[in-house]
Amino acid sequence: MSKINYKSVEEIELIRESSLLVSKTLGEIAKVIAPGVKTIELDKLAETFIRDNGGVPAFLNYHGFPYSLCISLNDQVVHGFPGSHVLTEGDLVSVDCGVVLNKYYGDSAYTFAIGEVNDQVKKLMRVTQECLKLGVEKAVVGMRIGDIGYAVQEHAEKNGFGVVKELVGHGVGLKLHEKPEVPNYGKRGAGIKLEEGMVIAIEPMINAGRAGVKFWDDGWTVSTSDKKPSAHYEHTVAVRKGTPDILSTFDYVENVLKEKNNN
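Residues numbered from 1 in each chain as written. Predicted model: local features only at pLDDT ≥ 70, side-chain atom pairs only at ≥ 80, totals over all residues. Heavy atoms only, no water.

The name that an unreviewed UniProt entry assigns to the protein is Methionine aminopeptidase, with the source organism given as Mucilaginibacter rubeus. Note on the protein: under the UniProt heading Function (unreviewed entry), the record states "Removes the N-terminal methionine from nascent proteins. The N-terminal methionine is often cleaved when the second residue in the primary sequence is small and uncharged (Met-Ala-, Cys, Gly, Pro, Ser, Thr, or Val). Requires deformylation of the N(alpha)-formylated initiator methionine before it can be hydrolyzed." (UniProt positions renumbered as here; feature names shortened; annotations may be inferred.)

1. Examining the sheet that holds strand 11 (residues 213-215)
Taking strand neighbours across the sheet as the criterion, the 3 strands line up as 3-12-11 in an open arrangement whose pairing is antiparallel. The open sheet is flanked by strand 3 (76-78) and strand 11, the only strands paired with a single partner. With direction set aside, neighbouring strand axes in the sheet form an average angle of 40°. Here 3 bridges tie strand 11 to strand 12 (residues 222-224), and the two strands are oriented antiparallel to one another. Bridging from a neighbouring strand, K214 pairs with S223 of strand 12. (Pairing = 2+ DSSP bridges. Helix = DSSP H or I, 4+ residues; strand = E, 2+ residues; numbered from the N terminus. Axes fitted to C-alpha atoms, helices over the stretch in contact; angles between N-to-C directions.)

2. A closer look at the packing of aromatic side chains
For the structure on display, the rule yields 8 aromatic pairs. With 6.1 Å between their ring centres and 75° between their planes, F65 and Y67 make a pair best called edge-to-face. A relative accessible area of 2% places F65 in the buried class. With 5.0 Å between their ring centres and 80° between their planes, F65 and W220 make a pair best called edge-to-face. On the criterion of sequence distance, the pair formed by F65 in the loop between strand 1 (56-57) and strand 2 (69-73) and W220 in the loop between strand 11 and strand 12 is long-range, its members being 155 residues apart. In textbook terms, an aromatic cluster arises when at least three aromatic residues are bridged by ring pairs, as seen for F65, Y67, F81 and W220. (Phe/Tyr/Trp six-rings, centres within 6.5 Å; stacked < 30°, edge-to-face > 60°. Buried < 20%, exposed > 50% of the residue type's maximum accessible area, 1.4 Å probe, protein only.)

This is how it looks when you write it as structure tokens:
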């Protein structure tokens, strides 16, 4: 089993820079995501923006993945392919993005509502974001991996939603996926102890219905087994004493969405 890669203060700052480029890229997506847009256009925009800012898309050619973004629609949980699909009113779209900048990785995801979505989808989005917040709050020295998973699972299931078990968060650093794995379920006080210098991606994947998922023949796309929608939010977080240090941010996305709603 490969060991956990603890990061120095300097390394964490480099991961913060990468994570902020991811966050800004998602902000650029927020500006243009709308009914009538093809998902492949979002992918091209992201690749251009990342490269223009000195980064490299982390997902492109990662184990053969052919795109810069994972774009997962409606009942797709994660790892969906951008393509000729034209977004329509009522779609739910999770956009997962990673970059490499100065050799270090950043990773974050945000789920967008296209136009008006129904109340169940609104609740799913809200609860999944709350799950992320609750999980992140546990990313402090002295807690355990199981505390993060328990916080996410308890809140999702209390709201009647299913927690995906087959896919997990992970360490981030010189590689996109490092140890430890960070499941969205677990027991309080169980698992690896969190220590200063750990950097992890916490990423609740929450289904409107049952927890079960289906893996597609393309070798990547994962969807819900009951065809109900799924939401996915992700932050890269450095474990600290007392308060977690969130290296990515949703501010760029949320400022754009606020502006769109006001117009």
